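Single-letter residue listing:
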Amino acid sequence: EAEVAQSPRYKITEKSQAVAFWCDPISGHATLYWYRQILGQGPELLVQFQDESVVDDSQLPKDRFSAERLKGVDSTLKIQPAELGDSAMYLCASSFEMGPYEQYFGPGTRLTVT
Amino acid sequence: GQQLNQSPQSMFIQEGEDVSMNCTSSSIFNTWLWYKQDPGEGPVLLIALYKAGELTSNGRLTAQFGITRKDSFLNISASIPSDVGIYFCAGSTLQGAQKLVFGQGTRLTINP
């Protein structure tokens, strides 16, 4: 069964350091999403890609966060510099197309900033 | 912004009991999705609903898209230990970026 892959699964970093997360969506899925989930809450969208283009990054803290999907397949989310408040689960999801379609999530990356 | 109210926030039941949870919105949604999340894992899609009044089953799980298009319900029949986890509803509208908005989750605990 096709799955969304993410790495690393866990990351511990010191504040002010840079950190990067990688996601490989389900093959053939044009739309890719990065979410942040704080403990005890539902996921919140950070950025949405359609192929290699950003279609929504309104909730992405652009002073420290960046995301790219250069070839329209896998994607990287970067935080530089990391802050204590960035500790959370970072989830990647993909869907066949943009719109009201089913989104499939990866296992997530648990980030702890010390 | 759009908000989803999910209730109850937590449930403690006995194995074998049926479970009901719901999600309400102040906005009209055209899609409702229900997910289950285990600790340390990503959400797993359980059921997708696309039409008002739609009733869809997935094994012991049944979900409904409310007639008003502002709510959705998830029922689990004859609960078993592996049903333990957090259940999230998520909805999207046809307006704007059509992004998913998630509820706060319902934490299900089962006493054997």
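Our subject is the structure that appears above.
This section reports on the structure supplied with the text.

About the thresholds
- Residues numbered from 1 in each chain as written.
- Chains lettered and ligands numbered in written order.
- Predicted model: local features only at pLDDT ≥ 70, side-chain atom pairs only at ≥ 80, totals over all residues.
- Heavy atoms only, no water.
- Contact = heavy atoms within 4.5 Å.
- Buried area = accessible area lost by both parts, 1.4 Å probe.
- Salt bridge = Lys/Arg side-chain N within 4 Å of Asp/Glu carboxyl O.
- Polar contact = N/O pair within 3.5 Å; in protein donor to acceptor, adjacent residues only side chain to side chain.
- Nonpolar A, V, L, I, M, F, W, Y, C, P; charged D, E, K, R; others polar.
- Helix = DSSP H or I, 4+ residues; strand = E, 2+ residues; numbered from the N terminus.
- Disulfide = S-S within 2.5 Å.
- Buried < 20%, exposed > 50% of the residue type's maximum accessible area, 1.4 Å probe, protein only.
- Core = buried A, V, L, I, M, F, W, Y, C linked by side-chain atoms within 4.5 Å.
- Pairing = 2+ DSSP bridges.
- Axes fitted to C-alpha atoms, helices over the stretch in contact; angles between N-to-C directions.

The partner chain B presents 21 residues to the 23 residues of chain A that form the contact. Both sides of the chain A and chain B interface together cover about 1700 Å² of buried area, and 53% of this is carbon and sulfur. Of all residues in chain A, Pro100(A), Glu102(A) and Phe105(A) bury the most surface against chain B, accounting for 28% of the area lost on that side. The tally of links between chain A and chain B comes to 1 salt bridge. Between Arg9(A) and Glu41(B) there is a salt bridge; the shortest N-O distance is 3.5 Å. Counting every contact that joins chain A to chain B gives 6 residue pairs in polar contact (both at pLDDT 80 or more). Taken together, the residues that form the side of chain A that touches chain B break down as 10 nonpolar, 10 polar and 3 charged.

What follows covers unusual backbone geometry. Note that the residue after Ser7(A), namely Pro8(A), is joined by a cis bond; omega there is -10°. Following the sequence through the fold, Pro8(A) ends up in the loop between strand 1 (5–7) and strand 2 (10–13). Geometrically, the link from Gln80(A) to Pro81(A) is a cis peptide bond, its omega value of -5° lying close to zero. By the secondary structure assignment, Pro81(A) is in the loop between strand 8 (75–79) and strand 9 (88–95). One non-glycine residue, Arg69(B), lies in positive phi territory at about 65°. Inspection of the secondary structure assignment puts Arg69(B) in the loop between strand 7 (61–65) and strand 8 (71–76).

Attention now goes to the state of the cysteines. Here a disulfide denotes one covalent bond, and it connects the sulfur atoms of two cysteines. All names here are of chain A. One pass over the full model with this rule turns up 2 disulfides over all chains. Covalent S-S linkage joins Cys23 and Cys92, the inter-sulfur distance amounting to 1.9 Å. Taking the torsion about the S-S bond as the criterion, the Cys23 to Cys92 disulfide, at about -70°, is left-handed. Separated by 69 residues along the polypeptide, Cys23 in strand 3 (residues 19–24) and Cys92 in strand 9 bring together distant segments of the chain. Given the relative accessible area of 0%, Cys23 is considered buried.

Residue and element names in this part refer to chain B. Topologically, Pro8 is positioned in the loop between strand 1 (4–7) and strand 2 (10–14). As a C-alpha pair, Pro8 and Asn30 span 22 residues in sequence and 23 Å in three-dimensional space. With residues up to four places along the chain from it excluded, the contact list for Pro8 reads Ser20, Met21, Gly105 and Thr106.

Glancing now at the nonpolar core. Residue and element names in this part refer to chain B. Judged by nonpolar contacts, the single largest core of 22 residues is most densely connected at Trp32, Trp34, Leu74 and Leu108. Mapped by element, the contributors of at least two residues to this core are strand 2, strand 3 (19–25), strand 4 (31–37), strand 5 (44–49), strand 7, strand 8, strand 9 (85–92) and strand 11 (106–111). Contact partners of Leu108, with chain neighbours within four places excluded, come to Met11, Ile13, Val19, Ile76, Asp83, Val84, Gly85 and Tyr87.

Right, let's get into the side chain of Ser94(A). Residues and elements named next belong to chain A. As for its placement among the helices and strands, Ser94 is situated in strand 9. Reaching out from Ser94, the side chain makes a polar contact with the backbone nitrogen of Ile26 at a distance of 3.4 Å. In terms of polar contacts, Ser94 uses its side chain to reach the side chain of His29, at 2.8 Å. When residues no more than four places from it in sequence are discounted, the contact partners of Ser94 are Val4, Pro25, Ile26, His29, Thr31, Leu32, Tyr33, Glu102, Gln103 and Tyr104.

Here the focus is the environment of Pro61(A). Residue and element names in this part refer to chain A. Checked against the element boundaries, Pro61 lands in the loop between strand 6 (53–56) and strand 7 (65–68). C-alpha of Pro61 to C-alpha of Leu39: the two residues are 22 residues apart in sequence and 19 Å apart in space. Ignoring any residue separated from it by four or fewer positions in sequence, one finds Pro61 in contact with Arg36 and Leu46.

This part takes up the sheet that holds strand 6 (residues 55–58) of chain B. Residues and elements named next belong to chain B. Judged by pairing direction, the sheet is antiparallel, and its 5 strands sit side by side in the order 1-3-8-7-6 without closing on themselves. The outermost strands of the open sheet, each flanked by one partner alone, are strand 1 and strand 6. Within the sheet, the average angular offset between the axes of one strand and its neighbour, ignoring direction, is 15°. Across 4 bridges, strand 1 lies against strand 3 in antiparallel orientation. If you follow Ser7 over to strand 3, its bridge partner there is Asn22.

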